[in-house]
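Spelled out from the first residue to the last, the chains are:
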Amino acid sequence: METPLLSVKDLRIQFNSREGVNEAVKGINFDIEAGKTLAVVGESGSGKSVSAMALTRLLPKPPICEINGQVHYDGQDVMAMSSADLRHIRGKEIAYIFQEPSVSLNPVFTIGSQIAEAIKLHMPHIKDVNAHIIDALDKVGIRDAEKRIKDYPHQLSGGMQQRVMIAMALVCEPRILVADEPTTALDVTIQAQIMDLLREVRERTGMAILLITHNFGIVNHFADDVAVMFRGEIVERGPVDQVLSKPEHPYTQALLDCIPRLGEKRERLTTIDHDKLAV
Amino acid sequence: MIGFIIRRILALIPMLLGIAFLMFLLMSLTPGDFLTPIRMQRDISDEYIQQLERQFGLDQHWTIQYFLWLKNAVQFDLGYSFAYKVPVAELLGERIFATVLLAISAMVFAWIIAIPLGMLAAIKKGSIFDRLSSILAFAALSMPEFFLGLIAVYVVAQTGILPIGGFTSIEHDYLPWFAQVIDIAKHLILPAFVLGVGYIGYVMRIMRSSFIDTMHAEFVKTARAKGLSENKVMFKHVLRNAINPMISVFGLTFSFLLSGSLIIEIVFSYPGLGNLIYFALIREDQFLVIGSVMMSCTVLVICNLIADILLAWSDPRIRLSEGGAE
Ligand SMILES: Nc1ncnc2c1ncn2[C@@H]1O[C@H](COP(=O)(O)OP(=O)(O)O)[C@@H](O)[C@H]1O
Ligand SMILES: [Mg+2]
C-alpha cells in the first residue's frame, strides 16, 4: 500500500482551563489519500473542528491547548515542524474553508486584497497578481470578477462569500482542502450550489478533501470514505457505501436513523439516547 | 456623506438654542449678578447702578434677556464681556484655539503611548506585563489631575527645564515663526502631559479589550490558516479592526479632555476656554459664561462629527451603507 498524503496517528487534543481539563479528542487515527475525499461526521462538540485545525497546528498554544500524537503530511512530521515551515504548509499545501463565511473574511479589506495576500505569500513568482485573482474568482463561478475584487465582504451574499473563501483556499493549488461544515450556514439551494462547485473543483484539480459535515446525504454523494466521531473518538471508519449500508457502531446506526429517507413514512422521530451509547 | 455632515451641523442649532436658554435660566436662579460687588460699595449712587443695570440689560426679566441676546447672536454678536470690556466673540476665538490645541496634544500624547501598550497587553494577556500595565493604567486613571499638576509644577519649578504657566513667552511676538512654534510647544508640554496621563489609562484599557475581542474573530483563524505570520495576523488583520472602536470613543473621550482641561488650565494658568469659563463664572460675567459654554458644546459636537467621519473612512461597512459614498 502506498503511503497516504496525510496520516494521523493517535491524535489527542485537550484544553486546559480553570474549570479543568477537557479531552476534546481522545486518540484518533485516519489517513487522507491523494485525490480522495474523507468525510467526518458526528454531532456538534464531538471534536471534528479541533481535529481538522490540529492538522496544521492552528489551535491555541500550550498551556491552553495540548496536542499529542502524530501528524504526517507528505512524509513530513507536522508536529515537529518549525513555525516557519508550518506556514508553508498552511494555505499552500493544506487550505481551509469554514462554516460561517460572513465572519471568516476580514470586514475591512477588499476580497481582492485578501486573495492577493495568499498569492503574494505562497507564489511570489507570479507577476500579474490581479489577473490571477480574477481567474480564481472566475473559476468559482463569480461573475464580473474584475468588478468584484474591489468589493468588501459585506457587499456579497453568504453564498458568494463562501465562493470567495473557496477561491482564496484554492488559489495556491493546495493538495488538501479542509472544508469544515462549508454549507451549514447557507440556504438549502445555495448549499447544493456550493457542493456542486466543490465537486467540480475536485475533478479539475484532483485535490483531496477532508469534509466535515453532519449531513449524511452529502456524505453519500460526495465522499469516498467516512469517519464517524463521537465524543472525541472515531467510532467507525470505512468506505462510504460500506458504512452507510452496514453500520456497525450503534451511534452510526442512530445517526442514520435520524435522516428521513425520501418516500419513507416514519412513525416517530428517532432521538439518540446518549447514555445508552456511552457505556 | 456631505448630506450627513450638513444634517449634523444643522442639528447643532436647536441644541445651542436650548443650551443658551438653560444657561439664562440657571443664571437667573443663582443669586447676584455682575453688579453685585459694585452695589455693595456704599459710595456708588443708586442712579449710577440703575444706569449700569439698564446698560447691561440686567433690569429685564431673564426670558427677555434671552431673546435680546438671541437677536444679536444670529448676527454673530454674542454680547459683551462685562469684566474684560471686549466683545465675547473676540475673547473666545483665541481661547478656543489654545484649549483645542491642549486637548489634541494631550490626546496624541496619550494615544501614542496607550495604543501600543494596550495592544501588547492584549497579545500577552495574563502575563506580568499585562497585569503591571493594568495596575499602572488604573493608577493613572484614579490620580486627580490637579494633584499630578501640582507635582509637575513643583518638579519643573525646581529644575527649571520648562516654562510654567501661560501660552507664550513675553518675547513671543518678536521671535521668528519657527521659534514661536517651539515657544508654544514648550508651554504646552507640561499641561498636555498632565492632562494626557489619566487618559492613557482609559485608552489603554479600551484598546486592550478591543484587541482581545478581535483576536477571537473568525477571520483571524482564516488569516492564520492562510499561512500568514503571527505578526501579520496581529498587526494587520487584528489591529486594523481593533482600532475602529477606538475611533468611535474618540468623540466621547474628547469631552473628558475638555472638562479635564478646565482644571489643568487653572493649575497652569493656561489661557484657554476652561480658564475663561472659570473666571467668568466667579465674576458672573453672564454673556461670557454663556458664550464659552456654547463654544465648548460646539467643539464637542464637531469632534463627534469628525469621529464619525473618521470611522466611516476606516470601516467600509459604515462607509458603504447609509447611502454614504455614492
Ligand atoms: N478554543 C477552545 N478552547 C477550549 N475548548 C475548546 C476550544 N475549541 C473547542 N473546544 C472544545 O473542544 C470540543 C470539540 O469541539 P469542536 O471540535 O469544535 O466540535 P465539533 O465537532 O462541533 O466541530 C468541545 O468540547 C469544545 O468545547
Ligand atoms: Mg465544528
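As a reminder, the structure under discussion sits directly above these lines.
What you are looking at is a predicted structure, and each value in this text was computed from that prediction instead of being measured.

Turning next to the overall build of chain A. Helices and strands together make up the secondary structure of chain A, namely 12 helices and 10 strands. Computed over the C-alpha atoms, the radius of gyration of chain A is 19 Å, within 12% of the 19 Å expected from 2.2 N^0.38 for a compact globule of 279 residues. Along the first, second and third principal axes, the C-alpha atoms of chain A reach 60 × 50 × 45 Å. The contacts in chain A between residues at least 6 apart in sequence include a share of 66% that link residues at least 24 apart. In the form shown here, chain A has an accessible surface area of approximately 13,900 Å², with 48% of it arising from carbon and sulfur atoms. Charged side chains of chain A number 31 positive and 38 negative; the gap between the two group centres comes to 3 Å.

Right, let's get into unusual backbone geometry. Excluding glycine, most residues fall at negative phi; most peptide bonds, likewise, are trans. All names here are of chain A. Cis geometry marks the peptide bond from P62 to P63, where omega comes out at 5°. The topology assignment puts P63 in the loop between α1 (48-54) and β4 (65-73). Notably, D74 is not glycine yet its phi reads approximately 50°, a positive angle. Inspection of the secondary structure assignment puts D74 in the loop between β4 and β5 (76-77). Given a relative accessible area of 40%, D74 falls into the partly exposed group. Located in the positive-phi region is D144, a residue other than glycine, with phi close to 55°. When you line up the elements, D144 lands in the loop between α5 (129-139) and α6 (145-148). You can call D144 partly exposed: its relative accessible area is 42%.

Residues and elements named next belong to chain A. Spatially, β6-β7-β8-β3-β9-β10 is the arrangement adopted by the 6 strands of the open sheet, whose pairing is mixed. At either end of the open sheet lies a strand with only one pairing partner, and these are β6 (94-97) and β10 (233-239). Taken pair by pair, the neighbouring strands of this sheet meet at an average axis angle of 15°, ignoring direction. Pairing analysis gives 5 bridges linking strand β7 (residues 176-180) to strand β8 (residues 208-212), with the strands arranged parallel. By the bridge assignment, L177 is partnered in β8 with I209.

Here the focus is the packing of helix α1 (residues 2-29) of chain B against helix α12 (residues 286-314) of chain B. Helix-helix packing: each pair is described by the crossing angle between the helix axes and the interaxial distance. Residue and element names in this part refer to chain B. Two elements in contact, α1 and α12, have axes whose closest approach is 10 Å; the angle formed by their N-to-C orientations is 155°. Taken as axis vectors, α1 and α12 run roughly antiparallel relative to one another. Here the hand of the crossing between α1 and α12 comes out right-handed. Each residue belonging to the contact of α1 with α12 can be placed in one class, and the counts come to 20 nonpolar, 3 polar and 2 charged.

Taken as a whole and assessed by the stated rule, the structure comprises 16 aromatic pairs over all chains. Summarising the aromatic geometry, the rings of B:F24 and B:Y66 are spaced 5.6 Å apart at their centres and angled 70° between planes, so their arrangement reads as edge-to-face. Taken together, the residues B:F24 in helix α1 and B:Y66 in helix α4 (residues 62-73) connect sequence positions 42 residues apart. Comparing B:F24 with B:Y66 shows no difference in burial state: the two are buried. Among the aromatic side chains, those forming a connected cluster through ring pairs are B:F21, B:F24, B:W62, B:Y66, B:F67 and B:W69. Residue placement shows B:K221 over the ring face of A:F98; its charged tip is 4.5 Å from the ring centre. Seen from the ring of B:Y84, B:R283 lies directly overhead, with NZ or CZ sitting 5.6 Å from the centre.

Taken as a whole, this structure holds 13 salt bridges over all chains when the rule is applied. Measuring nitrogen to oxygen at the nearest pair gives 3.1 Å for the salt bridge that ties A:D135 to A:K139. Taken as a pair, A:D135 and A:K139 lie in helix α5 at a separation of 4 residues, close to a single helical turn. Judged by relative accessible area, which is 35%, A:D135 ranks as partly exposed. Residue A:K139 is classed as partly exposed on the basis of its relative accessible area, which comes to 39%. As a salt-bridge pair, B:R8 and B:D308 come within 2.5 Å of each other at their nearest N and O atoms. Taken together, the residues span a long stretch of sequence, with B:R8 in helix α1 and B:D308 in helix α12 at a distance of 300 residues. Overall, the relative accessible area of 25% leaves B:R8 in the partly exposed class. The structure contains a network of salt bridges with shared partners spanning A:E117, B:K226 and B:K236.

Turning to the layout of surface pockets, a few remarks are in order. Size it by volume and the largest pocket reaches roughly 1,600 Å³. Taken together, 43 residues line the largest pocket, and the ones lying closest to its centre are A:L58, A:L59, A:P60, A:K61 and B:R224. Computed from the structure, the second largest pocket encloses a volume of approximately 410 Å³. As for the second largest pocket, its lining consists of 16 residues, and the residues nearest its centre are B:L16, B:A73, B:F76, B:L78 and B:M294. Of all the secondary structure elements, the ones that give two or more residues to the lining of the second largest pocket are α1, α4 and α12 of chain B. For the lining of the second largest pocket, the leading source of residues is α1(B), giving 6 residues. Residues belonging to the lining of the second largest pocket are distributed by class as follows: 15 nonpolar, 1 polar and no charged.

Looking now at the nonpolar core. Across soluble globular proteins, you tend to see nonpolar side chains buried next to one another. Counting 88 residues, the largest nonpolar core has B:W69, B:F211, B:F254 and B:L257 as the members making the most contacts within it. At 16 residues, the largest contribution of residues to this core is made by helix α8 (residues 177-215) of chain B.

What follows concerns the sheet that holds strand β1 (residues 6-17) of chain A. Strand-to-strand pairing in sheets goes through backbone hydrogen bonds, with the strands running parallel or antiparallel. All names here are of chain A. Strand order in this open sheet of 4 strands is β2-β1-β4-β5, and the pairing throughout is antiparallel. Each edge of the sheet is formed by a strand with only one pairing partner; in this case those strands are β2 (20-32) and β5. Alignment of β1 against β2, held across 10 bridges, turns out to be antiparallel. Among the inter-strand pairings, L11 is bridged to a residue of β2, identified as I28.

We now examine the site of ligand 1. All names here are of chain A. As a structural note, the neighbourhood of ligand 1 is formed by F15, N22, A24, E43, S44, G45, S46, G47, K48, S49 and V50. For ligand 1, an oxygen atom lies 3.2 Å from a polar atom in the backbone of S46. Its free accessible area being 560 Å², ligand 1 has 62% of it covered by the protein chains. A molecule is said to occupy a pocket when more than half its atoms come within 2 Å of that pocket's grid points, and by this definition ligand 1 occupies the largest pocket. Contributions of two or more residues to the shell around ligand 1 are made by β2 and α1.

The rules behind each value
- Residues numbered from 1 in each chain as written.
- Chains lettered and ligands numbered in written order.
- Predicted model: local features only at pLDDT ≥ 70, side-chain atom pairs only at ≥ 80, totals over all residues.
- Heavy atoms only, no water.
- Helix = DSSP H or I, 4+ residues; strand = E, 2+ residues; numbered from the N terminus.
- Rg over C-alpha atoms; globule rule 2.2 N^0.38 Å.
- Contact = heavy atoms within 4.5 Å.
- Areas by Shrake-Rupley, 256 points an atom, 1.4 Å probe, with all protein chains shown as cover.
- Lys, Arg positive; Asp, Glu negative; His and termini not counted.
- Charge placed at Lys NZ, Arg CZ, Asp CG, Glu CD.
- Buried < 20%, exposed > 50% of the residue type's maximum accessible area, 1.4 Å probe, protein only.
- Pairing = 2+ DSSP bridges.
- Axes fitted to C-alpha atoms, helices over the stretch in contact; angles between N-to-C directions.
- Parallel < 35°, antiparallel > 145°, perpendicular 65-115°, else oblique.
- Left-handed = near helix turned anticlockwise from the far one by under 90°.
- Nonpolar A, V, L, I, M, F, W, Y, C, P; charged D, E, K, R; others polar.
- Phe/Tyr/Trp six-rings, centres within 6.5 Å; stacked < 30°, edge-to-face > 60°.
- Lys NZ or Arg CZ within 6 Å of the ring centre and 35° of its normal.
- Salt bridge = Lys/Arg side-chain N within 4 Å of Asp/Glu carboxyl O.
- 1 Å grid on protein atoms, 1.4 Å probe; cavity = no way out; pocket = protein on both sides within 12 Å on 5 of 7 lines; lining within 4 Å.
- Points joined across faces, edges and corners; volume = space filled by probe spheres on them.
- Core = buried A, V, L, I, M, F, W, Y, C linked by side-chain atoms within 4.5 Å.
- Near = heavy atom within 4 Å.
- Polar contact = N/O pair within 3.5 Å; in protein donor to acceptor, adjacent residues only side chain to side chain.
- Sits in = over half its atoms within 2 Å of the grid points.

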